[in-house]
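The residues making up each chain are set out below.
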Amino acid sequence: MHLGVFEVASPQVGGTLSWSHPWSDSVRHREVGHWIEVARLLEDAGFDFLFFADGYGYPSVGGDLPEAAARGGLNFSGIDPMLLIPALAHATSRLGFVVTSSTGIDHPVAMARRFATLDHLTGGRIGWNVVTGASQDTVAALFGHERMTAHDTRYEIAEEYVDLCLKLWEGCWEDEALVEDKEAGVFADRDRLHRVEHEGRHFRSSGYFTVVPSRQRTPVLFQAGTSARGREFAAAHAECVFLQGTTLPHAAGNVADIRARAAAHGRDPRSVKVLVGATVTVAATREEALARRAEFEALQTDEVAAVIYAGNTGIDLTALDPDRPLSQVLEPGADARIGQMGQSNIDRFRRPDGTMPLVREVLAELRGRGTRGFTVVGDPLEVADQLEEIVDVTDVDGFLLEAVFSPADHRLFCELVVPELRRRGRLPREQDRPAGSGTLRERLGAPSARLAPDHPGARHAAALRGTGPGTREPVTA
Ligand SMILES: Cc1cc2nc3c(=O)[nH]c(=O)nc-3n(C[C@H](O)[C@H](O)[C@H](O)COP(=O)(O)O)c2cc1C
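Below is a summary of the structure that appears in this document. (Residues numbered from 1 in each chain as written. Predicted model: local features only at pLDDT ≥ 70, side-chain atom pairs only at ≥ 80, totals over all residues. Heavy atoms only, no water.)

### Focus: the overall build of the protein chain
Phase 1 of the analysis: The number of helices and strands found in the protein chain is 16 helices and 13 strands.
Phase 2 of the analysis: The C-alpha radius of gyration computed for the protein chain amounts to 22 Å, which stays within 12% of the reference 23 Å derived for 477 residues, consistent with globular compactness.
Phase 3 of the analysis: Along the first, second and third principal axes, the C-alpha set of the protein chain runs to 70 × 55 × 40 Å.
Phase 4 of the analysis: By the burial criterion, 53% of the 477 residues in the protein chain qualify as buried.
Phase 5 of the analysis: For the protein chain, contacts bridging at least 24 residues in sequence account for 77% of all contacts bridging at least 6.
Phase 6 of the analysis: Of the accessible surface of the protein chain, which amounts to about 19600 Å², a share of 52% is contributed by carbon and sulfur atoms.
Phase 7 of the analysis: For the protein chain, the distance from the average site of its 51 positive side-chain charges to the average site of its 67 negative ones is 2 Å. (Helix = DSSP H or I, 4+ residues; strand = E, 2+ residues; numbered from the N terminus. Rg over C-alpha atoms; globule rule 2.2 N^0.38 Å. Buried < 20%, exposed > 50% of the residue type's maximum accessible area, 1.4 Å probe, protein only. Contact = heavy atoms within 4.5 Å. Areas by Shrake-Rupley, 256 points an atom, 1.4 Å probe, with all protein chains shown as cover. Lys, Arg positive; Asp, Glu negative; His and termini not counted. Charge placed at Lys NZ, Arg CZ, Asp CG, Glu CD.)

Next comes the structure, spelled out in C-alpha cells:
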C-alpha cells in the first residue's frame, strides 16, 4: 500500500470547514516550521510522500468572491507550496514531495526549469501533479485572459505542455554530457548537447535546456482530474493518478478504465499507480473516533458545501431548484459554461443508470464531504479493515490521506494505523524496501530513477541515443 498525505498551504483542505476548530493547526500554514514538523512525522512513519494541492483561483458566485468564502477561508487564500519544498527536503532524507501546478498559466520552459531545480534540491524526491486547473473562471480573470479556455482544450494544451517539458528534461542532455572535470577545465561536452525544437499548436521553443540533468530528470508525473478526457491524459502521461472515490464501484470503474487506457497506450497498466483520497478519523476506541468525527460534522453547513462546489464546477447549488435532479444544469438551455470548469465533481453524482440525485440530496452528500474521497471512521483495527477492503475491491494502489484536523489527524494515523498496516504486511518496513537511489519514482515501485521505457517521455531520451555524439541532431516529436 502506498501512502501519501494530501495537504494545501492554506487554511482549509478538502472542501469542508475545520480550520477554526481548536484541534486544527492549519492557520500555521504560513510557517515553514509547521511543515517541517509534518514532513518529519510522515517520514518517520514510512509515508511515501507529502502532496500539496495548489492553484491561483478561488470560488466565485455570480461573478464575485462570496462573503462566505472569505469569512470561512473556503478555498480562499494560501501561499505557494513550491517554495516550501527545499526547506522540507533539507529537513528529511526519504520522504517524497509532490506539488500541483497547472498547465494553463506560464510557458513549459519555466515549469521544466522549476521542477528540474526541485529534483536537484530534493535529491530526486519531487513529483509534479499536472492539472488543467480548478476555478478556471477566476484564474482566467486574474491573469487577464479574455475568457476561460474550454475544458477539453485545456487538456489538449496540457498534452503539448507536458510533451515539451519532457523534451527539455529528456531530450537535450545526453547522460555523458555533464563532464565537470576541474583538472581539464571541462564543464559540459558540447557534442552531447542537443537542440530542442518544438513547433506546436500552442507553444514554440528552440534551444537548449540550461539545467543539468537531475536524478530523476523528469519529476514523477501525477495527475488529478477524472473526466473521460482527464483519464485519457492520465493514461498517456501519468505515473501516479490521484482519484477521488465516492463509492467502491465508482472508484473500481475508474481504476479499471485508467489501467485499460494505459495499456492501449502501450504502457504497463500496473506501472500506473492509482491512489484514492480518504478521510480517516481514528482513535483508540470506536466511540472516541465517532465523537471526533462528530466534532467535525458539527462545523459543516450547506453554505460551506455550496461555496466549494461553485469553486470547482461553476454551479451555484443554492440557486437551483432543490427538488429537481442535478442534471438540470446539463439540460438544453442551461448555462453552457457548466462542465467547462471541471467534470469530475459533476460526474461523481451520476448513478450507474445515468440519472442524478436531487439538488437537496447533492447538498446533503457534499456537507462534510466536500471534494474528499472515502470516509473511514473507527478504531485502528476497523480503519485498517476498511482501508484493506478499499484496496482489495477497487484495485487502487494506496491512499492520499485528507486530514480534517491537521496535523493532529496525521499524528493519530501514524501512531495507531501505520503499525497495524505494517503488522498485516500492507506497508513495508523501511529496511525491507528494495535498495534504490532514494528517488520518489523508485519509492513508488519503479525499477529505476528514470522514466520507464514505455513512457512517452522515454522516446526523447531514446532519440538522443540514436543520434550519438557529434551529430547535433535536433530532437523533434
Ligand atoms: C482529486 C482531484 C484533485 C485536484 N486537485 C487540484 C489542485 O490541487 N489544483 C487545481 O488547480 N486543480 C485540481 N483539480 C482539478 C483539476 O485541475 C482538473 O483539471 C479539473 O478538475 C478539470 O478536469 P476534470 O474535468 O477532468 O476534473 C483536482 C481534481 C481532482 C479530481
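### A word on the packing of helix α1 (residues 32–45) against helix α14 (residues 408–423)
Phase 1 of the analysis: With their axes 10 Å apart at the nearest point, α1 and α14 run at an angle of 10° to one another. When the interaxial angle is binned, α1 and α14 end up roughly parallel. Along its contact with α1, which presents Glu37, Val38, Leu41, Leu42 and Ala45, the element α14 presents His410, Arg411, Cys414, Val418 and Arg422. (Axes fitted to C-alpha atoms, helices over the stretch in contact; angles between N-to-C directions. Parallel < 35°, antiparallel > 145°, perpendicular 65-115°, else oblique.)

### Examining the environment of Ala70
Phase 1 of the analysis: Mapped onto the fold, Ala70 is located in helix α2 (residues 67–72).
Phase 2 of the analysis: Look past the residues within four positions of Ala70 in its chain and what remains in contact with it is Leu65 and Phe76.

### Overview of a nonpolar patch on the surface
Phase 1 of the analysis: A cluster of nonpolar side chains, Tyr56, Leu142 and Phe143, forms an exposed patch at the surface whose accessible area comes to about 320 Å².
Phase 2 of the analysis: Here Phe143 falls in the partly exposed class, since its relative accessible area comes to 34%. (Patch = residues over 30% accessible without salt bridge, like charges linked within 9 Å, V, L, I, M, F, W, Y side chains within 5 Å. Salt bridge = Lys/Arg side-chain N within 4 Å of Asp/Glu carboxyl O.)

### What to know about the pairing of strand β12 (residues 374–378)
Regular strands place side chains that alternate from one sheet face to the opposite one.
Phase 1 of the analysis: By the criterion of burial, β12 is predominantly enclosed, with four of the five residues buried.
Phase 2 of the analysis: Sheet analysis places strand β11 (residues 273–282) next to β12, joined by five bridges and oriented parallel. Looking at β12, one finds that Thr279 is bridged to Thr375. (Pairing = 2+ DSSP bridges.)

### Considerations on the pairing of strand β8 (residues 204–207)
Phase 1 of the analysis: For strand β7 (residues 196–199) and β8, the ladder comprises four bridges, and the chain directions are antiparallel. Bridge pairing links Glu199 to Arg204 in β8.

### Side note on the site of the ligand
Phase 1 of the analysis: Looking at the ligand, there are 19 residues lining it, with Thr132, His151, Ser227, Gln343 and Ser344 nearest.
Phase 2 of the analysis: The backbone of Asp54 places a nitrogen or oxygen atom 2.7 Å from a nitrogen atom of the ligand.
Phase 3 of the analysis: One nitrogen or oxygen atom from the side chain of His151 is found 2.5 Å from an oxygen atom belonging to the ligand.
Phase 4 of the analysis: In the complex, 90% of the free accessible area of the ligand, which totals 590 Å², lies under the protein chains.
Phase 5 of the analysis: Taken together, the residues of the shell around the ligand break down into seven nonpolar, eleven polar and one charged. (Near = heavy atom within 4 Å. Polar contact = N/O pair within 3.5 Å; in protein donor to acceptor, adjacent residues only side chain to side chain. Nonpolar A, V, L, I, M, F, W, Y, C, P; charged D, E, K, R; others polar.)

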